[in-house]
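Results of the structural survey
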Amino acid sequence: MFNDLNLNSNNKQVKASLSRRNTLITGEIGGGHMESMVWVYLSGVIFLIIALSGAIICIRGFKKSRRYLFAYAAIYFSASVIATAIFLLFQVSGLFSNPDYFMITHYFILAEGYILPLTLVLMIWGFFRESHA
Amino acid sequence: MLLSIYNFLITYLTPIIYVVGFVVCFACYRKIKQKVYLYATFFFAVNILQLWQRPFVHYYTYPYSETYLSVSFYVNLGLMFLSLIAMGLLVWGFYLEAEGKAN
């Protein structure tokens, strides 16, 4: 579908699509734009710190005990760290609202939407395996 | 056939994973009374709650429902804080496991 679009800033279809997508990403309607952006950054940074500490704890736990649950959880937390870091980077640099980078941000969101649930599946598998060992 | 499987996965993959995670972790917690399973159950429950908006996502397109948008903003804000707490608890659970203080 996106290959049919002429990716320039005058394209109304692209503009409407970007606007709707940014609304979904940042939730800017309903609160003031500045207000919601502060929440997006704040929650992103807090999430990044929590996920990073989770990754470190789980890697250390795996090194210590060699339990696969820690390895799978470390994969999930590491993927979360990478995804959140890229998301924040895109937000700060304004790429989400730039039509020239529409495809890059679009594929990033798609990849994030598939990779994070799959790493979550690994973690669930780790929980299941541990409890049935 | 393949396209319908693909569409099914796109729409339902994440909710299915969250529900499976919730059920698995809750069942594991009932079996082995360890805190990390309880925190993981809470984590998946919050993730399921965050999907509440999916059936109403068409309100974001024209015609806008201003009431819905302002209500959903604050509900999402609350759920966002709840998800941060859930994630923190999950990490805390893993810390307890790693340090051998789980019970």
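See the structure above.
In this report, we go over the structure that sits alongside the text.

Reading guide: rules and limits
Residues numbered from 1 in each chain as written. Chains lettered and ligands numbered in written order. Predicted model: local features only at pLDDT ≥ 70, side-chain atom pairs only at ≥ 80, totals over all residues. Heavy atoms only, no water. Helix = DSSP H or I, 4+ residues; strand = E, 2+ residues; numbered from the N terminus. Buried < 20%, exposed > 50% of the residue type's maximum accessible area, 1.4 Å probe, protein only. Contact = heavy atoms within 4.5 Å. Areas by Shrake-Rupley, 256 points an atom, 1.4 Å probe, with all protein chains shown as cover. Core = buried A, V, L, I, M, F, W, Y, C linked by side-chain atoms within 4.5 Å. Patch = residues over 30% accessible without salt bridge, like charges linked within 9 Å, V, L, I, M, F, W, Y side chains within 5 Å. Salt bridge = Lys/Arg side-chain N within 4 Å of Asp/Glu carboxyl O. Axes fitted to C-alpha atoms, helices over the stretch in contact; angles between N-to-C directions. Parallel < 35°, antiparallel > 145°, perpendicular 65-115°, else oblique. Left-handed = near helix turned anticlockwise from the far one by under 90°. Phe/Tyr/Trp six-rings, centres within 6.5 Å; stacked < 30°, edge-to-face > 60°.

Let's talk about the overall build of chain A
Each helix and strand counted, chain A has four helices and zero strands in total. Along its sequence from the N terminus, chain A presents helices and strands in the succession α-α-α-α. A buried classification covers 41% of the 133 residues belonging to chain A. Contacts in chain A between residues at least 24 apart in sequence constitute 66% of all its contacts with a sequence separation of at least 6. Roughly 7,300 Å² of accessible area belongs to chain A as shown, and the carbon and sulfur atoms make up 67% of that amount.

Quick look at the nonpolar core
Counting 36 residues, the largest nonpolar core has F77(A), M123(A), F127(A), F43(B) and F94(B) as the members making the most contacts within it. Of all the elements in the fold, those that place two or more residues in this core are helix 2 (33–65), helix 3 (68–93) and helix 4 (102–131) of chain A together with helix 1 (2–31), helix 2 (35–49) and helix 3 (66–98) of chain B.

Some details on unusual backbone geometry
You will see that R66(A), though not glycine, has its phi angle at about 55°, which is positive. Secondary-structure assignment places R66(A) in the loop between helix 2 and helix 3.

Description of the side chain of S83(B)
By the secondary structure assignment, S83(B) is in helix 3. Residues in contact with S83(B), not counting those within four places in the same chain, are V46(B) and Q50(B).

Overview of a nonpolar patch on the surface
Residue and element names in this part refer to chain B. Residues I5, F8, L9, Y12, I16 and V20 make up a contiguous nonpolar surface patch of roughly 520 Å² in combined accessible area. Checked against the element boundaries, L9 lands in helix 1. Judged by relative accessible area, which is 38%, L9 ranks as partly exposed.

A closer look at the packing of helix 2 of chain B against helix 3 of chain B
Residues and elements named next belong to chain B. Packing of helix 2 against helix 3 brings their axes to within 8 Å, and their N-to-C directions diverge by 160°. Considering the angle they form, helix 2 stands roughly antiparallel to helix 3. Along this stretch, helix 2 crosses helix 3, giving a crossing that reads as left-handed. Residue-level inspection shows K35, V36, Y39, A40, F42, F43, V46 and L49 of helix 2 in contact with helix 3, the latter providing L79, L82, S83, A86, M87, L89, L90, W92, G93, F94, L96 and E97.

What about the packing of aromatic side chains?
Applying the stated criterion across every chain, the model contains 13 aromatic pairs over all chains. Pairing F77(A) with F94(B) gives two aromatic rings, centres 6.0 Å apart and planes at 90°, and the pair type is edge-to-face. Residue F77(A) is located in helix 3, and its partner F94(B) is located in helix 3; the two belong to separate chains. In terms of burial, F77(A) and F94(B) fall into one category: buried. Taking the centre distance of 6.2 Å and the plane angle of 5° together, the rings of F22(B) and F26(B) count as stacked. Of this pair, F22(B) and F26(B) both sit in helix 1, four residues apart, roughly one helical turn. Taking relative accessible area as the criterion, F22(B) reaches 30% and is therefore assigned partly exposed. Taking relative accessible area as the criterion, F26(B) reaches 39% and is therefore assigned partly exposed.

Quick look at the pattern of salt bridges
A pair can form between side chains of opposite charge whenever their charged atoms are brought close. Applying the stated criterion across every chain yields a total of three salt bridges over all chains. The salt bridge involving E130(A) is made with R67(A); its shortest N-O contact spans 2.7 Å. One end of the pair, E130(A), is in helix 4; the other, R67(A), is in the loop between helix 2 and helix 3, and 63 residues separate them in sequence. According to the relative accessible area criterion, E130(A) is partly exposed, its value standing at 22%. With its nearest N and O atoms 2.5 Å apart, the salt bridge here joins E97(B) to R67(A). Of the two residues, E97(B) sits in helix 3 while R67(A) sits in the loop between helix 2 and helix 3, which places them in two different chains. On the accessibility criterion, E97(B) (6% relative accessible area) is buried. The exposure class assigned to R67(A) is partly exposed, which follows from its relative accessible area of 23%. A single network of salt bridges, built from pairs that share partners, joins R67(A), E130(A) and E97(B).

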